[in-house]
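# Fold and contact review
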Amino acid sequence: MVTMTENINDLLECAKDAARAGGTHALNNPGRRQDTILDAAHDVKLELDVECQERVLEVIRSRFPDHSILGEEDKPGSSAQAADGTCRWIVDPIDGTVNFFHRLPIWCCSVAAELNGRTVAAAVYAPELGELYEASEDGEALCNGKAISVSRTASIEKAMIYTGMDIRRETGSRPLGLFEKLVFNTQKARIVGSAALDLCRIARGQGDGYFETGIFVWDIAAAALILERAGGKAELLREMGNGRLVYLATNGRIHEQLKAVMDTGT
Ligand code: IPD
Ligand code: CA
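Scope of this entry: the structure provided in the associated data block. Note that the coordinates shown come from a computational prediction; the quantities given were computed from them, not determined experimentally.

## Topic: the site of ligand 1
In the vicinity of ligand 1 there are 13 residues, among which Asp95, Gly96, Thr97, Ala195 and Glu212 approach most closely. A distance of 2.8 Å separates an oxygen atom of ligand 1 from a polar atom in the backbone of Thr97. Backbone polar atom of Ala195 to an oxygen atom of ligand 1: 2.9 Å apart, as the coordinates give it. Here ligand 1 has 380 Å² of accessible area as a free molecule, and 80% of this is covered by the chains.

Here it is as structure tokens:
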């Protein structure tokens, strides 16, 4: 009989192998970075997004054929749910697609295993940076096998905060208003372009917090566990509808300060 701990170890190994498979496929196709399926006004969808998700799914399905999987590249409207006690995988094949498109190396493949609504094993692989982040619900957060931990920054005036720009008009959000709040209340605000790597950076003490409106569960599912196991805190502040989230993540020490500034219902 397998114990729960062994089970989680199996999930973690699978998450790492799957993230490596997805990320490596993107890395190995440098000439196809700009082969798009869809060119939206402020976004792109790549052939490689879809192919990398397929590589990830092949690894998961080969080990856990009965598990459900939710991926960014699923067909619109599909929403994999897991029955009680069974696992759901949450996959972002290329997080930071626009960076990848423009040959900026800040992108990653993110894979989370969720049990009863909680991520229990997670891997984030950034091939061009040579970084593999991992965590399980009862283990340390690691980057390339070494333990990582959050910064000791204790006030938002001294904090560097990652964010993104939610510019879709239909959400009614006010991205510049929120950005202005960050700029005036913190030492620096940064838009780097990969939410998963933003959270992993905070997990290793390279920055102190993250706030964004309009992101999806696959952007943060894996990295949130990595951050928590590194001593930080991740919090879903609000659901905006259509799967979009308002999300806050910090080193823990500045969490309530940043929340008080940003969580004003906008
Ligand atoms: C995006 C990145 C970006 C964030 C966007 C996400 P994608 O994911 O994580 O940092 O600001 O909200 O959609 O499209 O590159 O997978
Ligand atoms: Ca993403």
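Continuing now.
## Here we look at the coordination of the calcium ion (ligand 2)
Every protein donor of the calcium ion (ligand 2) is accounted for by Asp92 (OD), Asp95 (OD) and Asp219 (OD), and the metal-donor separations fall at 2.0 to 2.2 Å. In primary-sequence terms, the residues that donate to the calcium ion (ligand 2) follow D-x2-D-x123-D. With Asp95 in strand β4 (residues 87-95) and Asp219 in helix α6 (residues 217-229), this residue pair connects regions lying 124 residues apart in the sequence. Residue classification places Asp219 among the buried residues on the basis of a relative accessible area of 10%.

## What to know about the sheet that holds strand β5 (residues 108-115)
Taken together, seven strands build an open sheet; the order of strands is β3-β4-β5-β6-β7-β8-β9 and the sheet is mixed. Edge strands, defined here as strands with exactly one partner in the open sheet, are β3 (68-71) and β9 (146-147). Note: strand β7 (residues 131-136) against strand β8 (residues 142-143), two bridges, orientation antiparallel. Across the sheet, Tyr133 pairs through a bridge with Cys143, a residue of β8. Contacting β4, β5, β6 (118-126) and β7, helix α5 (residues 195-203) crosses the sheet at an angle of about 75° to β7. Sitting on the sheet, α6 is in contact with β3, β4, β5, β6 and β7, with an inclination near 100° to β6.

## Some points on the pattern of salt bridges
On inspection of all chains with the given rule, the structure shows 19 salt bridges. Among the salt bridges present, the one from Glu13 reaches Lys16, with a minimum N-O distance of 3.2 Å. Of the two residues, Glu13 and Lys16 both sit in helix α1 (residues 4-27), three residues apart, roughly one turn of that helix. When its relative accessible area of 38% is taken as the criterion, Glu13 is described as partly exposed. Notably, a salt bridge pairs Asp17 with Arg63, separated by 2.7 Å at the nearest N-O pair. Here Arg63 lies in helix α2 (residues 47-63) and Asp17 lies in helix α1, a separation of 46 residues in the sequence. Residue Asp17 is classed as partly exposed on the basis of its relative accessible area of 25%.

## Here we look at the packing of aromatic side chains
Counting across every chain of the model gives three aromatic pairs. Their ring planes at 80° and their centres at 4.7 Å tell us that Phe100 and Trp107 sit as a pair that is edge-to-face. Above the ring of Phe100, the side-chain terminus of Arg33 is found at 4.3 Å from the ring centroid.

## Some points on the packing of α5 against α6
One can describe the packing of α5 onto α6 by two numbers: an axis separation of 8 Å at closest approach and a directional angle of 5°. In terms of orientation, α5 and α6 fall into the roughly parallel class. Seen from α5, the contacting residues are Ala195, Ala196, Leu199, Cys200, Ile202 and Ala203; seen from α6, they are Asp219, Ile220, Ala223, Ala224, Ile226 and Leu227. Residue composition of the contact of α5 with α6, by class: 11 nonpolar, no polar and one charged.

## Brief notes about the environment of Gln257
Following the sequence through the fold, Gln257 ends up in helix α7 (residues 255-262). The class for Gln257 is partly exposed, based on a relative accessible area of 29%. Residues Gln257 and Asn185, spaced 72 residues apart in sequence, show a C-alpha to C-alpha distance of 9.8 Å.

## Here we look at α7
Burial in α7 covers these residues: His255, Leu258, Val261 and Met262. Along α7, the residues classed as buried sweep out an arc of 135° about the axis, all on the same side. On its buried face, α7 sits against β10 (160-163), α4 (175-185), β12 (209-215), β13 (233-241) and β14 (244-250).

## Concerning the environment of Leu178
Tracing the sequence through the fold places Leu178 in helix α4. Judged by its relative accessible area of 5%, Leu178 is buried. Along the primary structure Leu178 and Thr213 are separated by 35 residues, whereas in three dimensions their C-alpha atoms are 9.1 Å apart.

Parameters at a glance
Residues numbered from 1 in each chain as written. Chains lettered and ligands numbered in written order. Predicted model: local features only at pLDDT ≥ 70, side-chain atom pairs only at ≥ 80, totals over all residues. Heavy atoms only, no water. Near = heavy atom within 4 Å. Polar contact = N/O pair within 3.5 Å; in protein donor to acceptor, adjacent residues only side chain to side chain. Areas by Shrake-Rupley, 256 points an atom, 1.4 Å probe, with all protein chains shown as cover. Donors = N, O, S within 2.8 Å, 3.2 Å for Na, K, Ca; no water. Helix = DSSP H or I, 4+ residues; strand = E, 2+ residues; numbered from the N terminus. Buried < 20%, exposed > 50% of the residue type's maximum accessible area, 1.4 Å probe, protein only. Pairing = 2+ DSSP bridges. Contact = heavy atoms within 4.5 Å. Axes fitted to C-alpha atoms, helices over the stretch in contact; angles between N-to-C directions. Salt bridge = Lys/Arg side-chain N within 4 Å of Asp/Glu carboxyl O. Phe/Tyr/Trp six-rings, centres within 6.5 Å; stacked < 30°, edge-to-face > 60°. Lys NZ or Arg CZ within 6 Å of the ring centre and 35° of its normal. Parallel < 35°, antiparallel > 145°, perpendicular 65-115°, else oblique. Nonpolar A, V, L, I, M, F, W, Y, C, P; charged D, E, K, R; others polar. Arc of directions from axis to C-beta.

Function cannot be read off these values alone, since they describe shape.
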